[in-house]
Amino acid sequence: MDDKRSIDEAVEHALGLEEELEVSGTAATGGESLAYAKAALLKWVDSVVGVASAPGSGRVTLIHANGSRSQIASPELPYQVTIPINFKDKS
């Protein structure tokens, strides 16, 4: 039940931020609406032809096939999309 509460709190927080800007938002946490949103996200991600990752600023920029860009702010995503550099001892 704690996971459900965490999800509900995250949704409430996200929508609350939108309300502060006097705009509305929607949320999907299950069922057909979540399946639809995930399918739309997969299609959107499939249009990515380049990724610029900036772990220091917590931002990832996606470059899409049509030349548009999308930025995602996340403390975790920049590290997840960056291939680790393997420093080998040259001595």
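Below: a short report on this structure. (Residues numbered from 1 in each chain as written. Predicted model: local features only at pLDDT ≥ 70, side-chain atom pairs only at ≥ 80, totals over all residues. Heavy atoms only, no water.)

1. What about the environment of E19?
Logical step 1: Of note, E19 is situated in helix 1 (residues 2-20).
Logical step 2: For E19, a relative accessible area of 59% gives the class exposed.
Logical step 3: Sequence spacing of E19 and D3 is 16 residues, and the spatial spacing of their C-alpha atoms is 24 Å. (Helix = DSSP H or I, 4+ residues; strand = E, 2+ residues; numbered from the N terminus. Buried < 20%, exposed > 50% of the residue type's maximum accessible area, 1.4 Å probe, protein only.)

2. A word on helix 1
Logical step 1: Helix length check: helix 1 (19 residues) gives 27 Å between terminal C-alpha atoms against 27 Å at 1.5 Å per residue, within 8%.
Logical step 2: At the C-terminal side of helix 1, E22 shows a positive phi close to 60 degrees. (Expected span 1.5 Å × (residues − 1).)

3. Overview of the sheet that holds strand 3 (residues 69-73)
Note on sheets: strands pair through backbone hydrogen bonds, and any given pair is parallel or antiparallel.
Logical step 1: Across the sheet, which stays open at both edges, the three strands sit in the order 1-2-3 with antiparallel pairing between neighbours. For this open sheet the edge positions go to strand 1 (48-54) and strand 3, each flanked by a neighbour on one side alone. The mean inter-strand angle of the sheet, taken between neighbouring strand axes irrespective of direction, is 20 degrees.
Logical step 2: Sheet analysis places strand 2 (residues 59-64) next to strand 3, joined by five bridges and oriented antiparallel. Residue pairing across strands places T61 opposite Q71, the latter belonging to strand 3.
Logical step 3: Against the sheet, helix 2 (residues 31-46) touches strand 1, strand 2 and strand 3, its axis set at about 90 degrees to strand 1. (Pairing = 2+ DSSP bridges. Axes fitted to C-alpha atoms, helices over the stretch in contact; angles between N-to-C directions. Contact = heavy atoms within 4.5 Å.)

4. Regarding the pairing of strand 2
Logical step 1: Note that strand 1 and strand 2 share six bridges and pair antiparallel. Pairing of G50 across the sheet is with I63, part of strand 2.
Logical step 2: Remark: four residues form the turn of the hairpin made by strand 1 and strand 2, two consecutive strands paired antiparallel; G58 in that turn has positive phi of roughly 65 degrees.
Logical step 3: Hairpin connection of strand 2 to strand 3: four residues between the antiparallel strands, including G67 at a positive phi of 90 degrees.

5. Things to note about the side chain of H64
Logical step 1: Relative to the elements of secondary structure, H64 occurs in strand 2.
Logical step 2: For H64, a relative accessible area of 4% gives the class buried.
Logical step 3: The residues touching H64, leaving out its near neighbours within four places in the chain, are W44, S47, V48, V49, R69 and S70.

6. Some remarks on the pattern of salt bridges
Logical step 1: Within the structure shown, the criterion is met by one salt bridge.
Logical step 2: The salt bridge partner of K4 is D8, with a shortest N-O separation of 3.1 Å. Note that K4 and D8 are positioned in helix 1 at a spacing of four residues, about one turn of the helix.
Logical step 3: Under the relative-accessibility criterion, D8 is labelled partly exposed at 33%. (Salt bridge = Lys/Arg side-chain N within 4 Å of Asp/Glu carboxyl O.)

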